[in-house]
Amino acid sequence: MTIKIPPSINWFIKKYARKLDEMRHVESERECVLKKYLAIKADLEALEKVIGLHWLLEVKTLYRPNI
């Protein structure tokens with residue numbers, strides 16, 4: 001016995017499958033973007049620390065008290 005799926009339901013099933021594939025693709029892209037974002041954020045934080053330390057050294061050198 002063969003079950004025939006009505007065309008309207010078949011259309012919804014195909015649309016659901018396409019959207020599910022699209023969702024999986026977007027989730028994988030999101031993971032890649034999140035990893036890149038976290039790496040860039042870590043780089044920026046490290047650069048801020050280096051710039052801050054360098055600036056402190058410059059200020060201490062320029063304004064050394066004359067004792």
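What counts as what
Residues numbered from 1 in each chain as written. Predicted model: local features only at pLDDT ≥ 70, side-chain atom pairs only at ≥ 80, totals over all residues. Heavy atoms only, no water. Helix = DSSP H or I, 4+ residues; strand = E, 2+ residues; numbered from the N terminus. Areas by Shrake-Rupley, 256 points an atom, 1.4 Å probe, with all protein chains shown as cover. Patch = residues over 30% accessible without salt bridge, like charges linked within 9 Å, V, L, I, M, F, W, Y side chains within 5 Å. Salt bridge = Lys/Arg side-chain N within 4 Å of Asp/Glu carboxyl O. Buried < 20%, exposed > 50% of the residue type's maximum accessible area, 1.4 Å probe, protein only. Phe/Tyr/Trp six-rings, centres within 6.5 Å; stacked < 30°, edge-to-face > 60°.

A. The overall build of the chain, seen in detail. Of regular secondary structure, the chain possesses 1 helix and 0 strands. When the accessible area of the chain is evaluated, it comes to approximately 7200 Å², of which 66% is carbon and sulfur surface.

B. Quick peek at a nonpolar patch on the surface. On the surface, a nonpolar cluster with roughly 420 Å² of combined accessible area is contributed by Ile40, Leu44, Leu47 and Ile51. Secondary-structure assignment places isoleucine 51 in helix 1 (residues 7-62).

C. Structural detail: the pattern of salt bridges. For the coordinates displayed, the defined rule picks out 2 salt bridges. Salt-bridge contacts for lysine 19 lead to glutamate 22; the nearest nitrogen and oxygen are separated by 3.5 Å. Linking lysine 19 with glutamate 22, this pair stays in helix 1, spanning 3 residues, or about one helical turn. By relative accessible area, which is 44% here, glutamate 22 ends up partly exposed.

D. Inspection of the packing of aromatic side chains at higher detail. For the coordinates displayed, the defined rule picks out 1 aromatic pair. When the ring of tryptophan 11 is compared with that of phenylalanine 12, the centres are 5.0 Å apart and the planes differ by 75°; the resulting orientation is edge-to-face. For phenylalanine 12, a relative accessible area of 54% puts it in the exposed group.

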